[in-house]
Amino acid sequence: MSNKINQILLSIRRRLGKPEVSILIMGNDTPAARNRVKLLNAEISIDNFLLDDYLSKLPVEDKFKFKPKLFESFEGILYLIDATKEDMIKHERAFFWERIIWNEDLREKPIAICAYNSNLQGSLTSGELIENLSLVRLTDRVWKLFEVGDVNDLLSALNWLREAIWMGWTLDWERKESLKTKLSQKKIVIVDKKNDNES
């Protein structure tokens, strides 16, 4: 019965113009970033969000290129950055601008930049991150910087992305159907919190 009710609710949301939104999580491929991806997947409902991740080891090689169809099924980007890793900022800035901002496939997609570990001593402030990532130059894109202390802050970033997508445009549901099938088969593993701040 619950499955039938869920299908009815999904149908109503789609008719109201508020379907599920598809978000691609990006950032530096570290244990801490992977843990946050798993926590998000454990917290959200696939009836509300379709989440997939594409983390990359930084710095990337010059020959590195995204797969052409990587972004087709996604409507927004959630970018993870460790606020305590000041030594990685130049690599984060290069990756963020060269592979995301200047990527024509992503021009219309809103971006939530999530600075995790921002509650730890010695972490970069929002102002320092905006300056070091050159975000003041980002005037033709929809974006927002979030200071992330726990998973609730990540959920706030997801909800902001959802609202930004609903105010702009969403993909036809048919284009996301295969994505939902893929993601619903993912096994969610809750991570050990003592390893949450590994780098």
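Details of the structure are given in the entry above.
Below or above, wherever it landed, is the structure these notes cover. These figures come from a predicted structure and were not determined experimentally.

## With respect to the overall build of the protein
Line of reasoning, step 1. Counting its regular elements, the protein contains six helices and five strands.
Line of reasoning, step 2. When the helices and strands of the protein are read in sequence order from the N terminus, they spell out α-β-α-β-β-α-β-α-β-α-α.
Line of reasoning, step 3. Counting only residues that meet the buried cut, the protein has 47% of its 199 residues in that class.
Line of reasoning, step 4. Intrachain contacts of the protein at a sequence separation of at least 6 include 84% that bridge at least 24 residues.
Line of reasoning, step 5. Surface summary for the protein: the accessible area is close to 11100 Å², and the carbon and sulfur share equals 48%.

## Observations regarding the environment of Arg141
Line of reasoning, step 1. Residue placement: Arg141 occurs in the loop between helix 4 (126-132) and strand 5 (143-148).
Line of reasoning, step 2. Sequence spacing of Arg141 and Leu106 is 35 residues, and the spatial spacing of their C-alpha atoms is 9.8 Å.
Line of reasoning, step 3. Residues within four places of Arg141 in sequence aside, it is in contact with Ile100, Ile101, Leu106, Arg107, Lys109 and Ile111.
Line of reasoning, step 4. A polar contact of 2.6 Å, which involves the side chain of Arg141, links it to the backbone oxygen of Leu106.

## Comments concerning the pattern of salt bridges
Line of reasoning, step 1. All told, the structure shown has three salt bridges when counted by the stated rule.
Line of reasoning, step 2. Within this structure, Glu104, Arg107 and Asp140 form a network of salt bridges that share partners.

## Description of the sheet that holds strand 2 (residues 49-56)
Line of reasoning, step 1. Taking strand neighbours across the sheet as the criterion, the five strands line up as 2-1-3-4-5 in an open arrangement whose pairing is parallel. Looking at the sheet topology across the chains shown, the edges are occupied by strand 2 and strand 5. Averaged over all adjacent pairs, the angle separating strand axes in this sheet is 20°, with direction ignored.
Line of reasoning, step 2. Where strand 4 (residues 111-116) meets strand 5, six bridges bridge the pair, whose relative direction is parallel. Looking at the pairing, Ala112 lines up with Lys144 of strand 5.
Line of reasoning, step 3. Along the sheet, helix 2 (residues 31-43) contacts strand 1 (21-28), strand 2, strand 3 (76-82) and strand 4; its crossing angle with strand 2, the most-contacted strand, is approximately 170°.

Cut-offs used in this document
Residues numbered from 1 in each chain as written. Predicted model: local features only at pLDDT ≥ 70, side-chain atom pairs only at ≥ 80, totals over all residues. Heavy atoms only, no water. Helix = DSSP H or I, 4+ residues; strand = E, 2+ residues; numbered from the N terminus. Buried < 20%, exposed > 50% of the residue type's maximum accessible area, 1.4 Å probe, protein only. Contact = heavy atoms within 4.5 Å. Areas by Shrake-Rupley, 256 points an atom, 1.4 Å probe, with all protein chains shown as cover. Polar contact = N/O pair within 3.5 Å; in protein donor to acceptor, adjacent residues only side chain to side chain. Salt bridge = Lys/Arg side-chain N within 4 Å of Asp/Glu carboxyl O. Pairing = 2+ DSSP bridges. Axes fitted to C-alpha atoms, helices over the stretch in contact; angles between N-to-C directions.

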